[in-house]
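Given next are the chains, with one letter for each unit.
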Amino acid sequence: MDKFKLEYKSFGDHALLIQWPRLVDESILTDIISFNELIKQQLDVQETVPAYNSLLLIFDTETVLAKMIKEVNNLYKGHYKSDPVERKRWQIPVCYDTEFGIDLEDFAFQKKLSVEDVIKLHTEPVYTIYAIGFLPGFMYLGGLNKTLHHPRRKEPRLKIPRGSVGIGGEQTGVYPQESPGGWNIIGNSPIRIFNPENQPPCGVNVGDQVQFYSIDKPTHELFTIQVESGIFQLKTLELND
Amino acid sequence: MIKVLEPGLFSTIQDLGRKGYRDKGVPLSGAMDSHSAALANTLVGNPEGAAVMETTMTGPKLQFDGETVFAITGGSGSLMLNGEEIQPVRAYKAKRGDILDMGRSNNGLRAYLAVRKGFRTVEVLGSRSWYVPLTPSSHLKKGDILPVEVYSGELPKSRRVPKPVDFSKKRLKACKGPEFTLLSTQQQRQLKTGIFTVAKENNRMACQLNENLLPHEMSILTSATLPGTVQLTPAGKMIILMRDAQTTGGYPRILQLEEEAICLLAQKHTGEEIMFSF
């Protein structure tokens, strides 16, 4: 694979932003994720935040930028010798019952689709996690079928329940906790993507993949109980780069 | 233990924040004015990062259930211990049954109360900073009981403590943000010479400004943000991210405040003037 041309931007005196070409692109994300792993092993960083086409390095202490850029750049030059990063594909159950998917029927009507079509189009793709932000455990997913692109609601709701699955613009995602929000809600997932009582609190990583599968209401109830009692196991596939 | 008789306007427990989970979308959190929090801790003989109480504008009324040593820093007004006035930036002894009334601040917006050994509220992901849904409560409520260890020792020997900051200063020191260079010359000039005022939309997540820069059509792909990041919305509104802010954002990041400037901004009331110096 060709190397990308990186841009370095200072971001305060404790952080360095690395930018890849401005594209939503799998190969760029893969490069960011594997470089991120190498940086965490090799450099004295406090934490890093990958997202779409950028990677932020946060340091404990004030950093001499020019020196750090040189170190990072040298590391980048050699990084294809590094091991491939372990990535996962998460199978996330969603109940598309209208009890949860309060906008589903209206959404289907406006898109001139049947409810079944919406569910099919939503569960077919393999989505990529391009960023985690907004709320703890909120995944920015790429890969929504164009047919399902739909503007956000004009009036955001003040309370959207945890686990709600929505579509807003070109994006789809799961609300990891109750929050205000403007997306069209089409279903609910009983799983907890972020749980502060678990270690790690959030198993999904930027660069992982997500696929939704449809479950009925009794299964949603069962999974909810299993999640609450800590015995629910999310199904994952290991992917090799 | 400390019992909350009156909660004040918006009081929370904060340390220096929750590090290491920002790639999972967990805000840093921590004391808005970290300098004042560290100073309060120093005065009572704590490590700088012990958990303190952060109050906003109107402070709480608290009752001590056991002996301890405490100190108050930051923006404070008339402080009363059992009805007698006490001074900020000084350590005091409290005994069982004492009542501390932190009153209404008449300079900075936020005060910090440190007690010896820190508040022992629940630690979640390495921090005691209150942030819902990670911690059970978002702010103090009447009747809350806060765990504090009994300390019957002497007041810490007066050691040299840094002078408290002058909260009336207007200049916020900043560095250029990653998207600064996308600004037009005119916008850059506005930013450099403008006097801005703090909007009423200011809280632990973000502080908006009343005056806008010129509108623009710049956009970026969602990318990391930090406390102190100055974001510019397409309408030209500036949103300065604070400690509880989300970890990523889609608006251009035009400036990045220095730590000292974040602390100063945390002390500004609605309507107060600020300027950027970069």
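Here the structure is a predicted model, which is why all the values come from computation and not from measurement. One numbering rule holds for all chains: residues counted from 1, following each sequence as written. Each chain is given a letter, starting from A, and each ligand a number, starting from 1, according to the order in which they appear as written. With the structure being a predicted model, the display of local features is reserved for residues of pLDDT at least 70 and the display and counting of side-chain atom pairs for 80 or more, all residues being used for whole-chain, interface and lining totals.

A word on the overall build of chain A. Helix and strand counts for chain A stand at five helices and 14 strands. For chain A, whose C-alpha radius of gyration is 20 Å, the value lies close to the compact-globule estimate of 18 Å for 241 residues. Within chain A, the proportion of its 241 residues that are buried is 40%. Within chain A, counting contacts between residues at least 6 apart in sequence, those at least 24 apart form 63% of the total. Strands here mean DSSP runs of E at least two residues long; helices mean DSSP runs of H or I at least four residues long; both are numbered from the N terminus. Every radius of gyration here is taken over C-alpha atoms, with the globule rule written as 2.2 Å times N^0.38, N being the number of residues. As a rule, residues whose C-beta atom has 12 or fewer other C-beta atoms within 10 Å are exposed, those with 20 or more are buried, and those in between are partly exposed; C-beta atoms are placed from the backbone. Note on contacts: residues are paired as contacts if their backbone-placed C-beta atoms lie within 7 Å.

Within chain B one finds three helices and 20 strands. Taking 278 residues into account, the globule formula puts the C-alpha radius of gyration at 19 Å, and chain B, at 19 Å, falls close to it. Principal axes of the C-alpha set define a box for chain B whose edges measure 60 × 35 × 35 Å. Taken across its 278 residues, chain B has 50% of its residues classed as buried.

Moving on to the domain arrangement of chain B. Residues and elements named next belong to chain B. Per the domain assignment, the segments making up chain B are domain 1 (2-146) and domain 2 (171-277). Counting residues per element, the side of domain 1 that touches domain 2 draws most heavily on helix α1 (residues 34-44), which supplies three residues. Three residue categories are used. Nonpolar comprises Ala, Val, Leu, Ile, Met, Phe, Trp, Tyr, Cys and Pro, charged comprises Asp, Glu, Lys and Arg, and polar comprises the others, including Gly. The residue makeup of the side of domain 1 that touches domain 2, split by class, is five nonpolar, ten polar and three charged. For each domain, the first and last residues come from an automatic or database assignment.

Turning our eyes to something else, we now look at the confidence of the model for chain A. The pLDDT value tells you how sure the predictor is about a given residue, anywhere from 0 up to 100. For chain A, the mean per-residue pLDDT works out to 92, and 96% of the residues sit at or above 70. When the elements of chain A are averaged for pLDDT, strand β14 (residues 235-239) of chain A gives the smallest value, 81, and helix α4 (residues 115-123) of chain A the largest, 98.

Glancing now at the environment of Pro227 of chain B. Assignment of secondary structure puts Pro227 of chain B in the loop between β15 (223-224) and β16 (229-232). Contact partners of Pro227 of chain B, with chain neighbours within four places excluded, come to Leu28, Leu241, Met242, Arg243, Ala245 and Ile262 of chain B.

Moving on to the sheet that holds strand β2 (residues 15-19) of chain A. Residues and elements named next belong to chain A. Across the sheet, four strands lie side by side as β1-β2-β4-β3; this open sheet has antiparallel pairing. What marks the edges here is a single partner per strand, and that holds for β1 (7-10) and β3 (47-51). Pairwise comparison of adjacent strand axes, ignoring direction, gives a mean angle of 20° for this sheet. Should DSSP find at least two bridges between two strands, the strands are regarded as paired. Here β1 runs beside β2; their pairing, made up of four bridges, is antiparallel. In the strand pairing of β2, Lys9 is matched with Leu17. Between N-to-C directions, angles span 0 to 180 degrees; the directions come from axes that are lines fitted to C-alpha atoms, helices contributing only their stretch in contact. Along the sheet, helix α1 (residues 26-42) contacts β3 and β4 (54-58); its crossing angle with β3, the most-contacted strand, is approximately 175°. Its contacts with the sheet place helix α2 (residues 65-77) against β1 and β2, and it is angled at close to 40° to β2.

Another aspect to go through is the sheet that holds strand β14 (residues 206-209) of chain B. Residue and element names in this part refer to chain B. Here seven strands make up a closed barrel; going around it, the order is β12-β19-β16-β17-β14-β13-β20 and the pairing mixed. Geometrically, the sheet is characterised by an average inter-axis angle of 40° between neighbouring strands, direction not taken into account. Of the pairings in the sheet, the one linking β14 to strand β17 (residues 238-241) comprises three bridges and is antiparallel in character. Following the sheet pairing, Ala206 is matched in β17 by Leu241.

Here we come to the domain arrangement of chain A. Many authors give the size of an interface as the accessible area that is lost as the parts come together. Residue and element names in this part refer to chain A. Assigned domains of chain A: these are domain 1 (7-81) and domain 2 (87-239). Of note, the centres of domain 1 and domain 2, computed from C-alpha atoms alone, are 30 Å apart. Taken together, the eight residues of domain 1 in the interface contact seven residues of domain 2. Of all elements in the fold, only α1 and β3 reach the threshold of two or more residues within the side of domain 1 that touches domain 2. No other element matches α1, which puts four residues into the side of domain 1 that touches domain 2. Partitioned by chemical class, the residues of the side of domain 1 that touches domain 2 number six nonpolar, one polar and one charged.

With that settled, the discussion passes to helix α5 (residues 217-228) of chain A. Helix length check: α5 of chain A (twelve residues) gives 16 Å between terminal C-alpha atoms against 16 Å at 1.5 Å per residue, within 8%. Directly after α5 of chain A, the chain includes Gly230 of chain A, whose backbone phi takes a positive value near 80°. Expected helix span is computed as 1.5 Å times (number of residues minus one).

Here we take up the nonpolar core. Residues Ala40, Val52, Tyr112, Leu113, Ala114 and Leu265 of chain B are the most contacted members of the largest nonpolar core, which totals 70 residues. Of the residues forming this core, the biggest block, six residues, is contributed by α1 of chain B. Here this core gathers at least three residues from each of two domains, domain 1 (2-146) and domain 2 (171-277) of chain B. Excluding residues within four positions of it along the chain, Leu113 of chain B makes contact with Ala40, Val52, Met53, Phe70, Ile72 and Met102 of chain B. The term nonpolar core means buried Ala, Val, Leu, Ile, Met, Phe, Trp, Tyr and Cys residues held together as one set by C-beta atoms within 7 Å. In this structure, Phe100, Ile119, Leu135 and Leu141 of chain A belong to the second largest nonpolar core, which totals 59 residues.

With that out of the way, let us pick up the pairing of β14 of chain A. Residues and elements named next belong to chain A. Here β14 lies mainly on the outside; zero of its five residues are buried. In this structure, strand β5 (residues 87-95) lies alongside β14, joined through five bridges in antiparallel fashion. Directly across from Trp90, in β14, lies its bridge partner Thr236.

Between chain B and chain A, the contact holds 26 residues from the first and 34 residues from the second. Of the residues that constitute the side of chain B that touches chain A, the class distribution is eleven nonpolar, ten polar and five charged.

The subject of this paragraph is the environment of Ser78 of chain B. All names here are of chain B. Looking at where Ser78 falls in the secondary structure, it is placed in the loop between β5 (68-74) and β6 (79-81). Between the C-alpha atom of Ser78 and that of Arg128, which follows or precedes it by 50 residues, the distance is 28 Å. The contact partners of Ser78, leaving out residues within four places of it in the chain, are Glu85 and Gly103.

Our focus in this paragraph is the pairing of β3 of chain A. Successive residues of a regular strand alternate their side chains across the two faces of the sheet. Residue and element names in this part refer to chain A. Burial runs high along β3: four of the five residues are buried. Judged from the five bridges that link them, β3 and β4 form a sheet pairing that is antiparallel. Looking at the pairing, Thr48 lines up with Leu57 of β4. What sits between β3 and β4 in their antiparallel hairpin is a turn of two residues, with Tyr52 showing a positive phi close to 50°.

Attention shifts here to the confidence of the model for chain B. Put simply, chain B has an average pLDDT of 95, and 98% of its residues get 70 or more. If you check the scores for this complex, the pTM reads 0.93 and the ipTM reads 0.93.

Below, the discussion takes up unusual backbone geometry. Cis geometry is found at the peptide bond from Gln199 of chain A to Pro200 of chain A, where omega equals 0°. Mapped onto the elements of the fold, Pro200 of chain A is located in the loop between β12 (184-188) and β13 (209-215). A cis amide bond links Val132 of chain B with the next residue in sequence, Pro133 of chain B, at an omega value of 10°. Locating Pro133 of chain B in the fold gives a position in the loop between β10 (110-115) and β11 (145-146). Even without being glycine, Lys112 of chain A reaches a positive phi, approximately 55°. Within the secondary structure layout, Lys112 of chain A lies in the loop between α3 (104-110) and α4. If you check the backbone angles, Val89 of chain B has positive phi at about 55° while not being a glycine. Residue placement: Val89 of chain B occurs in the loop between β7 (84-86) and β8 (91-94).

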